[in-house]
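What follows is the residue order along each chain.
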Amino acid sequence: MRSGGARATGRRRGASLALVLLLAASATACEGSPRADDRPADPATSGSASGTPTPSAVPTLDPAHAVAAPGAREGRWGPPDIIVTSAETIPPDLVARIRALPGVTDVERVARAEIPVENRTLSVLAVDPATYRNYVVSLPSARKQAIWDRVAGGELAIRPAAERELPVDEQGFVALGSTADAPRIHVGAYAQQTWQADAVVNETWVKTLGMTPDNSLLIRTATAAPGPLRKPIERLLRGTDASVQMTDVVAREGLDPDVVQTAVVVGTIADAVGVYRYRVLGAGKIEPDPGWVAEHITTESVPILGSVTCNKLILPQLRAALEEVVSRGLADEIDRDDYAGCYYPRFIAGSTTLSNHAFGLALDLNVSGNQRGTTGEMDRGVVAAFEKWGFTWGGRWRYTDPMHFEMHELVSPR
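Residues numbered from 1 in each chain as written. Predicted model: local features only at pLDDT ≥ 70, side-chain atom pairs only at ≥ 80, totals over all residues. Heavy atoms only, no water.

**Q** So, the sheet that holds strand β15 (residues 362-364): which residues are in play, and what are the values?
**A** Spatial strand order, β15-β17-β16: three strands in an open sheet with antiparallel pairing. A single partner strand is all that each edge strand has here, and the edge strands are β15 and β16 (391-393). Going across the sheet, the axis of each strand differs from the next one's by a mean of 20°, ignoring polarity. Judged from the three bridges that link them, β15 and strand β17 (residues 404-407) form a sheet pairing that is antiparallel. Following the sheet pairing, aspartate 364 is matched in β17 by histidine 404. (Pairing = 2+ DSSP bridges. Helix = DSSP H or I, 4+ residues; strand = E, 2+ residues; numbered from the N terminus. Axes fitted to C-alpha atoms, helices over the stretch in contact; angles between N-to-C directions.)

**Q** Got a sec to walk through the state of the cysteines? Specific residues and values, please.
**A** Tallied over the full model, the rule gives one disulfide. Here cysteine 310 is linked by a disulfide to cysteine 342, with a sulfur-sulfur distance of 2.3 Å. Across the S-S bond of cysteine 310 and cysteine 342 the torsion is about 135°, and the bridge reads as right-handed. Of the two residues, cysteine 310 sits in strand β14 (residues 306-311) while cysteine 342 sits in the loop between α11 (315-327) and β15, which places them 32 residues apart along the sequence. Judged by relative accessible area, cysteine 310 falls into the buried class, the value being 0%. Assessed through its relative accessible area of 2%, cysteine 342 is described here as buried. (Disulfide = S-S within 2.5 Å. Buried < 20%, exposed > 50% of the residue type's maximum accessible area, 1.4 Å probe, protein only.)

**Q** How would you summarise the pattern of salt bridges if you had to cite specific residues and measurements?
**A** Counting across every chain of the model gives twelve salt bridges. As a salt-bridge pair, arginine 230 and glutamate 234 come within 3.8 Å of each other at their nearest N and O atoms. One end of the pair, arginine 230, and the other, glutamate 234, are both in helix α7 (residues 230-236), four residues apart, so they sit about a helical turn from each other. A residue is classified by how much of its surface remains accessible, and arginine 230, at 15% relative accessible area, is buried. Between glutamate 300 and arginine 319 there is a salt bridge, with its nearest N and O atoms 2.9 Å apart. Of this pair, glutamate 300 sits in strand β13 (residues 297-302) while arginine 319 sits in helix α11, and the two are 19 residues apart along the sequence. If you follow the salt bridges from partner to partner, you end up with Arg230, Lys231 and Glu234 in one network. (Salt bridge = Lys/Arg side-chain N within 4 Å of Asp/Glu carboxyl O.)

What is shown is where atoms sit, not what they do.
Here it is in structure tokens:
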């Protein structure tokens, strides 16, 4: 990744200033090392008595995904004012033209992808830890050397709030994906990231995770108002699929409702989703691009449930799983009247995170007796039938969701 310069904003404007300072002030209590009682020690909290971070010597756990240690932080800190996201690599000449716009002071190129993990998409950036660190929303995160040494060493840094959303094992590893062979990465630090990012890795993970290199830009404008730059940037990007978001709106509302969002989904379900574009409608609802819906979503009849609306690619194996349930004599274990749907274009409740329901790749069965956080009442023969045909059952997750089945791999019944 390449940075447009070491300079960063020294001042924030309006509501963004207050929020950024609040994040910076509060971050020291929750960032750095995982808690000693349930997570491995992390030298990201090391420092002198005065609070000044000291150089860290972090062992490399994954040499195949290691890059050179970033060294001491240089330049001034400041989160981006504008975020550009595309399904394709943004060409260097186009980046140069954006960087040359009056008012633009810095442009950081990163790879961005949405990775499904237990019915939620984790927004992951692949970054140059030496330069990206100056774009996070928390100054303590930018300063803590061991965080970025760990990212350089091949480990994952995630937002503290995302910890409870990830199935981290006892050794501190998390699978980025839903299948048994999904890439596993060690969680090295819990630290605030830039806007709209749940986690970061270094650039060596781009190929491993199937990400698109340099498909996102973090843009700073220093003292210039970012609003007037949206149109010039959009004009330069005309003819591409890129979205241009203002982070002052992101800070207030989570996502910019005036922008068509671009989610680049990778992993085993990428073929069933591809590039997912949608608008935010409010009240947790979204409106996917009509072209995407026409290409991917259909309504068909399946055993037991009758008419269902799902992603086209899930239907053959959904039909096979339900036929398997019938052949096992377990049809009565699924209550057709207690089915809560498959394709449901909205965020996970209380968040701006997409679930597999938004892609039409999940379904909820026997809802009444299988609430989140419980062991539920789902018949294990039904579970076995779905797992045989490429579905993951939410009852096996760390935070259980026993009504939930989602596709984790494409299976072609023969």
